[in-house]
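Residue strings, one per chain:
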Amino acid sequence: MSYNFSETAIEYLKGVGPKRAELLRKELNIRCFGDLLQYYPFRYIDRTKFHKANEISNDLVYVQMKGKIVSTETVGKMRSSRFIAKFQDETGSIELVWFQGIKWIKEKIHLGEEYIVFGKPSVFNKTYNILHPDIESLAENQGEITEGLYPYYNSSEKLKSLGFTSRGISKITKTLINTAQSSIPETLTPEIINKYRFISREEALINIHFPANTEILQKAQLRIKFEELFYLQLSLLMMKQIRLSKTEGHRFGSVGNYFNTFYSKNLPFELTNAQKRVIKEIRLDLGSGKQMNRLLQGDVGSGKTLVALMCMLIAIDNNYQSCLMVPTEILANQHFETISRMLNGLGITVELLCGSTKKAKRKLIDEGLQSSNIHILIGTHALIEDTVQFANLGLVIIDEQHRFGVEQRSKLWEKNEKQPHILVMTATPIPRTLAMTLYGDLDYSAIDEMPPGRKLIKTYHYFDSARLKVFSFLKQQVTAGRQVYVVYPLINESETLDLKDLMDGYNSITREFPLPEYAVSIVHGQMKSADKDYEMQRFVKGETQLMVSTTVIEVGVDVPNASVMVIENAERFGLSQLHQLRGRVGRGAEQSYCILMTGNKLTSDGRKRIETMVRTTDGFEIAEADLKLRGPGDMQGTQQSGMLDLHLADIVKDEKLIKIARDLAIDILKEDPLISTAKNQKLKEQLLRMKKVKGSWEKIS
Ligand code: ADP
Ligand code: MG
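So, a few notes on the structure that sits alongside this text. Worth saying up front: this structure is predicted, and the values here are computed from it rather than measured.

1. Let's talk about the site of ligand 1
Line of reasoning, step 1. Of all residues adjacent to ligand 1, which total 16 residues, the nearest are Gly-301, Lys-304, Thr-305, Arg-454 and Asp-558.
Line of reasoning, step 2. The backbone of Ser-302 places a nitrogen or oxygen atom 3.4 Å from an oxygen atom of ligand 1.
Line of reasoning, step 3. In isolation ligand 1 offers 570 Å² of accessible surface; the protein chains occlude 86% of this area.
Line of reasoning, step 4. Each residue belonging to the shell around ligand 1 can be placed in one class, and the counts come to four nonpolar, six polar and six charged.

Printed below as a string of C-alpha cells:
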C-alpha cells in the first residue's frame, strides 16, 4: 500500500461527499477514514427488545419502543417553538419532542406508520416524553432487526437532518470497514499479542462496530483500550527518556553551609518523614547532572513551601540562583514574608517581583539578578517576562501548578542556555493513575503525610435560612480569639451580580460585627493590588477578625490563627475548589471548622459535592469523587495537557489496565530504548504515526 489509507479524507468515502464531510468534521471532529474507524459506538442495543409505554420509568437510561405516531402539533412561536408527536403502542402513549430540526422531522414522519424510537425518557407535565429521540421507520429496518448487539452512535441534530442518525453513521462505518478491511494495520507486535492473548486490531475494530456477540465485543474493547493506553504511556515515557538523555543539567554536587545551618538553627520544627523523603529524592535529581523535571504533589497544608525552600538552599550552596513562581500577588507576598523570616540571619537575599512592582524597584532587582546579589526571587508571572535576566538561574519552582498553563512552563524552560531544574508543586489532589498519565513525562514525588498535631477540620452544611445560627457561632469563635474567612463565589471577576452579593455579605457582616469592637477585611479581584495587600496584611496580623473575600484567597494563603471557613453559595463551587478553600483553615493548633452555606434547592450533583465535603477531608478521596462527577475531560489540567488521545479507555475505570500498559512500556524501553530493533518494528511504525512523538524523536535518532 503506497498511501496512508486511514488518513484519506472522509469525503472520499462512498455515501459521504463534501457537504456531509464538512459537517462530520465540525460536529464530531471526524476528518479522515481513521477518525471514523475510531468513532466508537457509545452503547449497544438489543434490537429485538422493545419497551412498552406502560413500563417506562425515570430509572431507564434509554428506551426502545415500537409503535405509531397518532397525532402531531407545533407549540410556541419562532425560536421557542417545539414539535410534539404523540407516540402510541398497545399499552399507552408518550410524547416525542423536538426543539430543533423541526422542518426536517415534520417531513420525515407520517401518521399511522410504524416506527422504532430510541432515547432517554423524562417526565414533563406528568407525562413521559423523549427529547430528540432517534426515530426510524420499521419498514426501513425490516430484515436488519436481528438479535444481538446493535451499535448506537452519538450524533447531532444537524447530522441527523442530513441522514447521519446513529443508523446512518453505522452504515458508512460498514462501508468503510468493507473497503478498509485489508488495510487496517496491526499496531502491536506478535509478542505482545501473544502475551496478553489479544485479538488482532482488524478483528477488534470490526467487532467494536459490529459485534457478533458479547464475548467478542469485550475482547475487542479490551484490545482497543489497551492499545490506547499503551501508546500513551510509551510515548510519555519516551519523551521523558529523550529529555533525560538530551538535556544536561546543572550539577548541584554538594549540600553545604546554607542548607546545614538552616537545618540545625532555623528550622522551627521537625520535618515530617514525607518531607524528608521528598527532599532526598529531589537532592538526588539535582546532583545527577541531568535536568530535573519533577512534580511534587502534596495535599493542602502538607508543607510544600518548606520543601521548596530547602531545595533553593541547595541551589545557593552550589552558587546558583532560584526563583519561586506563584499564581497570585497575595501568595507571592506571603511566600516572600515567610521565606524571608525563615532565612533570617543566614545572609541570603530574597526579593519580590510582581506586576505591581515599581519601575525603580524593578531596576534594582534587575541589577541584583545580574550581579548574583539576589539569591532567591519570588513572584508572579512577572518572573517570566523577557526582561527578567538571571546571571545564574539553577532552579525554578512553580507553586500551585494548575494555575499555570503548559506554555508558561515551557517558556521558563527555554529561558537559559542550560535549562534550570524545574520543580512543579501542586495541591490539586489527582488520583495516581491520572497523575501518571497527565504528568507521565515528569518525575513524581508525593508528600503523603500531614505535619503532626493537626486537628481534623469539622465540616457542616447549613441552608441559608440558618444564617442567624451561623452568625452566632462565628461570634462565639471570634470572642474566643479565632479568625474567620467568609468566601463568596466570583466565578468571573467582572460579574457585577456576584460582586453585589459579596458587598451585601460584607455589609451584613460589618453590621453583625461592628467597629470598634470588631474589624472586617475585604479582598476581591477588582481591588488595586496595594489595597488587597493592605487588607490581607491586616488579617494576617490579627488586626481584623473576619476576612470577606472571593476565591483570591483560595490558593496557598497561610494564616494559622484563622480557624473558621464559611463558604457562601457553596453549591456553585467545584469539589477541588471547595477542598482548596477548606485547606485555608486547620493550620494551627485550634479545632477548625468549615461551614458550607447553600440555598434550599440543590441539584443532584451539587448535593453530592456538599455530601462529599462533609464526609471526608481526604484530598484523594475528594479527587476521585470529583473525577466521577465530572469525568476526566473536566479535570483541571487535562484540557491543557493535549496528551490524552483516548477514545475508549477511561482513566478512572481502567486504572488496572493503565498500570499494566505502563509496566509493559517500561519493560520494552528498558530492552530497546530507541524502539529500533526489528522485533519492535510495529511499535516504531505506530509511534511515527503519532505526530507529537515523532517530532522529538527525530531529534535523537
Ligand atoms: P502547602 O503544602 O499547602 O503549601 P504550607 O507549606 O503552607 O502547606 O504549610 C502549611 C503549614 O504547615 C505552615 O504553617 C507550615 O509552617 C507548617 N509546617 C510545614 N511543615 C511542617 C512540619 N514538618 N511540622 C509542623 N508544621 C509544619
Ligand atoms: Mg502552598
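2. Observations regarding the side chain of Arg-482
Line of reasoning, step 1. Looking at where Arg-482 falls in the secondary structure, it is placed in the loop between α17 (467–479) and β18 (483–487).
Line of reasoning, step 2. In terms of polar contacts, Arg-482 uses its side chain to reach the backbone carbonyl oxygen of Ala-480, at 3.4 Å.
Line of reasoning, step 3. Sequence-distant contacts of Arg-482, defined by excluding residues within four places in its chain, comprise Gln-477, Gln-545, Asn-561, Ser-563 and Glu-590.

3. Description of the pattern of salt bridges
Line of reasoning, step 1. Under the definition given, this model contains 27 salt bridges.
Line of reasoning, step 2. Of the charged contacts, one joins Asp-134 and Lys-160 as a salt bridge, the two residues approaching to 2.9 Å between their closest N and O atoms. In this pair, Asp-134 sits in strand β8 (residues 134–137) while Lys-160 sits in helix α5 (residues 157–161), placing the two residues 26 residues apart along the sequence. With respect to burial, Asp-134 and Lys-160 carry one shared label: buried.
Line of reasoning, step 3. For the salt bridge of Glu-136 with Arg-167, the shortest nitrogen-to-oxygen distance reads 3.9 Å. Of this pair, Glu-136 sits in strand β8 while Arg-167 sits in helix α6 (residues 166–180); the two residues are 31 residues apart in sequence, bridging distant segments of the chain. Like Glu-136, the residue Arg-167 is buried in the burial classification.
Line of reasoning, step 4. One salt-bridge network, in which partners are shared between bridges, spans Arg-277, Glu-281, Asp-285, Arg-294 and Asp-448.

4. So, the nonpolar core
Line of reasoning, step 1. Membership of the largest hydrophobic core comes to 43 residues, with the highest contact counts inside it found for Phe-262 and Leu-343.
Line of reasoning, step 2. For this core, the secondary-structure elements that each account for two or more residues are α10 (257–266), α11 (273–286), α12 (304–317), α13 (329–342), β12 (350–353), β13 (376–379), β14 (393–398) and β15 (421–426).
Line of reasoning, step 3. No other element matches the eleven residues that α12 contributes to this core.
Line of reasoning, step 4. Those residues in contact with Leu-343 that lie beyond four places of it in its chain are Phe-262, Asn-266, Leu-309, Leu-313, Ile-348, Val-350 and Ile-376.

5. A look at the environment of Arg-31
Line of reasoning, step 1. Looking at the element boundaries, Arg-31 is found in the loop between α1 (17–28) and α2 (33–37).
Line of reasoning, step 2. Given a relative accessible area of 46%, Arg-31 falls into the partly exposed group.
Line of reasoning, step 3. Put simply, Arg-31 and Glu-11 are 20 residues apart on the chain and 8.3 Å apart in space, counted from C-alpha to C-alpha.
Line of reasoning, step 4. Residues within four places of Arg-31 in sequence aside, it is in contact with Thr-8, Ala-9, Ile-10 and Arg-25.

6. A short note on the sheet that holds strand β19 (residues 520–523)
Line of reasoning, step 1. Read across the open sheet, the six strands follow the order β17-β22-β21-β18-β20-β19; overall the sheet is parallel. On the outer flanks of this sheet lie β17 (458–463) and β19, each paired with one strand and no other. The average undirected angle you get between the axes of adjacent strands in this sheet is 20 degrees.
Line of reasoning, step 2. Note: β18 against strand β20 (residues 546–549), four bridges, orientation parallel. Each bridged residue has a counterpart across the sheet, and for Val-484 the counterpart in β20 is Leu-546.

7. Description of the packing of α12 against α13
Line of reasoning, step 1. Relative to each other, α12 and α13 sit at 55 degrees, their axes nearing to 11 Å. Considering the angle they form, α12 stands oblique to α13. The handedness of the crossing between α12 and α13 comes out as right-handed. Within the contact between the two elements, α12 uses Thr-305, Leu-306, Leu-309 and Met-312 and α13 uses His-335, Ile-339 and Met-342.
Line of reasoning, step 2. The class makeup of the residues in the contact of α12 with α13 is five nonpolar, two polar and no charged.

8. Details of the sheet that holds β13
Line of reasoning, step 1. With respect to topology, seven strands assemble into an open sheet ordered β12-β13-β11-β14-β15-β10-β16, the strand pairing being parallel. Where the open sheet ends on each side, the last strands, each with one partner, are β12 and β16 (443–447). The sheet shows a mean angle of 20 degrees between the axes of neighbouring strands, direction not considered.
Line of reasoning, step 2. Here strand β10 (residues 293–298) runs beside β15; their pairing, made up of five bridges, is parallel. Paired with Leu-296 across the two strands is Met-425, which belongs to β15.
Line of reasoning, step 3. Across the sheet, α12 is in contact with β10, β11 (321–325), β13, β14, β15 and β16; its angle to β14 comes to roughly 175 degrees.
Line of reasoning, step 4. Each of β11, β12 and β13 is contacted by α13, which is oriented at about 175 degrees to β12, the strand it contacts most.

Rules of the game
- Residues numbered from 1 in each chain as written.
- Chains lettered and ligands numbered in written order.
- Predicted model: local features only at pLDDT ≥ 70, side-chain atom pairs only at ≥ 80, totals over all residues.
- Heavy atoms only, no water.
- Near = heavy atom within 4 Å.
- Polar contact = N/O pair within 3.5 Å; in protein donor to acceptor, adjacent residues only side chain to side chain.
- Areas by Shrake-Rupley, 256 points an atom, 1.4 Å probe, with all protein chains shown as cover.
- Nonpolar A, V, L, I, M, F, W, Y, C, P; charged D, E, K, R; others polar.
- Helix = DSSP H or I, 4+ residues; strand = E, 2+ residues; numbered from the N terminus.
- Contact = heavy atoms within 4.5 Å.
- Salt bridge = Lys/Arg side-chain N within 4 Å of Asp/Glu carboxyl O.
- Buried < 20%, exposed > 50% of the residue type's maximum accessible area, 1.4 Å probe, protein only.
- Core = buried A, V, L, I, M, F, W, Y, C linked by side-chain atoms within 4.5 Å.
- Pairing = 2+ DSSP bridges.
- Axes fitted to C-alpha atoms, helices over the stretch in contact; angles between N-to-C directions.
- Parallel < 35°, antiparallel > 145°, perpendicular 65-115°, else oblique.
- Left-handed = near helix turned anticlockwise from the far one by under 90°.

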